[in-house]
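Residue-level listing of the chains:
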Amino acid sequence: MVDTTARLAPHHVDQLRRACGEVVTPNDATYDEARRLWNSIHDRRPAVIVRPTTAEKVATAIRFARDHDLEIVVKSGGHSAAGLKGSDGCLVVDLSEMRGVEVDPGTRIARSNGGALLGELDVAAQAHGLVCPTGVVGHTGVAGLTLGGGVGRLQRHFGLTIDNLAAVELVTADGHLVRATETEEPELFWGLRGAGWNFGIATAFEFRLQPFGPDLHRGVLAFPATQIQDVWAVFREYAPTAPDTVSVIFGIDRAGPDAGYADDLVGKPITFLAWNHSGSADDVERDTARLRVGPQPVTTTIGSAPYLDVQTAHDLAFAWGSRSFINSHNANDVRREALDELVELVATAPGEGTFSVTALGGAIGRVPEDATAFAGRASAFDLSADTSWSDPALDEANADWCRRALAVVEPDRALGAYANGNSDVGPEQSRRIYGDVKLARLAALKRQWDPDNVFHVNPNVTPAAT
């Protein structure tokens, strides 16, 4: 076990506590709870956890860590797929005491503090009939979701979360407070939108909000996996011309015992089409009709629900303590033979393995490729293999399963990948996510704002990257 206290004498901890507020060390009874991450496959033991309440105290924590040669990592919602919010012997800047979202309905601007959760932003915006397109689990951190780009149920309609971002307030590696917008530090603002963990600690965000709500219209059609080619044909024909108001996913899963499937199908692979319609209820039938022209589904679920209910519907399924692994990349098509291979992989997954193809396009694709660090806006699909399980003995088997599933569709890969949707990190993964051109631009930005690589919570971007 790493000795996490060797470099910090008690008087140093007292000094940090006086300057920054709440501090948790391995000697405290609350340490194990404080160091937890959402994904329990990551078991890290930081030297000290500090919970500042202001940007100035964040800056103090950064200076303290640098003075004591401690790695700095940041915890907002703690949901990082790769477990990048803590490591042995580091100093964790935990922003959980910097929550809260305020909305100005006149300007349609939301101000979100660095430790706020998606549920806070959703509730605050919907109180005024407004929305910011965010993710799909309410207890995810606004900061991590946004800085990676931000995908969810409304992005084809309103764009990525970063496309609705007006400003970021950041504490830099040297402890300075900076505001980044399209006109203030515009190059930094470019990098923050898609690779934003690498340049400082974001203590506040401003988002432009859109009128929306209160209901979201939804549908799921499930089929035996033996019909996968026909179901894929329906999805593949529909996706390129889908209305912006329709977010649609094609997927491969196993039939659950409590989901209304016939007994002889339970436990076997299925394929499904799922959609969220964010327009008028009067248009749903017309806008989704072409998704219902294929084979007869074995189960059909269609209806409407308040957006806030939908946004928290998966909170328990994705509760803290999950063991999870995910990898993804963009594509413009999937080969027929790959689909059959994926069915076999899902059928034999060691955990609750699923494979999904999410249609991109719409408002996402109308933003110029060079407008933000987020890459691959012209790609048609996001391909994702993810799994969850409970037995620690199956950790490596599940990670290997995800990697093998993505390898099946490697020949279909196109530019870009969602950084938040990848548990693997490293130089090769960086190139897959950003491409060589953007990676070089990000490396130059890193040299300007963090030449000592203080913030390597995500090692995808370093000053030496080319």
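Throughout what follows, the structure given in this document is the object of discussion. (Residues numbered from 1 in each chain as written. Predicted model: local features only at pLDDT ≥ 70, side-chain atom pairs only at ≥ 80, totals over all residues. Heavy atoms only, no water.)

1. What about the overall build of the protein chain?
Counting its secondary structure elements, the protein chain contains 13 helices and 18 strands. At 22 Å, the protein chain has a C-alpha radius of gyration in line with the 23 Å of a compact globule built from 466 residues. Residues classed as buried in the protein chain amount to 58% of the 466 residues present. At a minimum sequence separation of 6, the contacts of the protein chain that also span at least 24 residues come to 73%. Of the roughly 18,400 Å² of accessible surface on the protein chain, a fraction of 52% belongs to carbon and sulfur atoms. (Helix = DSSP H or I, 4+ residues; strand = E, 2+ residues; numbered from the N terminus. Rg over C-alpha atoms; globule rule 2.2 N^0.38 Å. Buried < 20%, exposed > 50% of the residue type's maximum accessible area, 1.4 Å probe, protein only. Contact = heavy atoms within 4.5 Å. Areas by Shrake-Rupley, 256 points an atom, 1.4 Å probe, with all protein chains shown as cover.)

2. With respect to the sheet that holds strand β3 (residues 72-75)
Pairing in this open sheet of 4 strands is mixed, and the strands run β1-β2-β4-β3 from one edge to the other. The outermost strands of the open sheet, each flanked by one partner alone, are β1 (22-24) and β3. Averaged over all pairs of adjacent strands, the angle between strand axes in this sheet comes to 25°, irrespective of strand direction. Here 4 bridges tie β3 to strand β4 (residues 91-94), and the two strands are oriented parallel to one another. When the bridges of β4 are listed, Val-73 appears paired with Val-92. Each of β2 (48-51), β3 and β4 touches helix α3 (residues 55-67); the most contacted strand, β4, lies at about 175° to it. (Pairing = 2+ DSSP bridges. Axes fitted to C-alpha atoms, helices over the stretch in contact; angles between N-to-C directions.)

3. Let's talk about the nonpolar core
The biggest cluster of nonpolar side chains holds 45 residues, and the ones touching the most others in it are Leu-188, Leu-192, Phe-205, Phe-207, Leu-209 and Tyr-434. Top contributing element to this core by residue count: helix α13 (residues 427-449), with 6 residues. (Core = buried A, V, L, I, M, F, W, Y, C linked by side-chain atoms within 4.5 Å.)

4. What to know about the side chain of Thr-140
Checked against the element boundaries, Thr-140 lands in the loop between β7 (130-131) and α5 (142-147). Its relative accessible area of 14% is what places Thr-140 among the buried residues. Excluding residues that lie within four positions of it along the chain, Thr-140 makes contacts with His-79, Ala-116, Leu-117, Leu-118 and Leu-145.

5. Topic: the packing of helix α11 (residues 336-347) against helix α12 (residues 395-408)
The contact between α11 and α12 brings their axes to 9 Å, and the two run at 170°. Taken together, the axes of α11 and α12 are roughly antiparallel relative to one another. Of the two possible hands of crossing, α11 and α12 adopt the one that is right-handed. Within the contact between the two elements, α11 uses Ala-338, Glu-341, Leu-342, Leu-345 and Val-346 and α12 uses Trp-401, Arg-404, Ala-405 and Val-408. Grouping the constituent residues of the contact of α11 with α12 by class yields 7 nonpolar, no polar and 2 charged. (Parallel < 35°, antiparallel > 145°, perpendicular 65-115°, else oblique. Left-handed = near helix turned anticlockwise from the far one by under 90°. Nonpolar A, V, L, I, M, F, W, Y, C, P; charged D, E, K, R; others polar.)

6. Some details on α11
In this model, α11 (12 residues) spans 17 Å end to end at C-alpha, consistent with the 16 Å of a helix rising 1.5 Å per residue. Within the span of α11, buried status applies to Ala-338, Leu-339, Leu-342, Val-343, Leu-345 and Val-346. Summarising the axial view, the buried residues of α11 lie within an arc of 165°, below the 170-degree limit, and thus occupy one face. Summarising the geometry of α11, the exposed residues directed more than 90 degrees from the buried face are Arg-336 and Glu-344. For α11, the elements touching its buried residues are α8 (228-238), β13 (246-254), β14 (269-277), β17 (354-359) and α12. (Expected span 1.5 Å × (residues − 1). Arc of directions from axis to C-beta.)

By themselves these figures say nothing about function.
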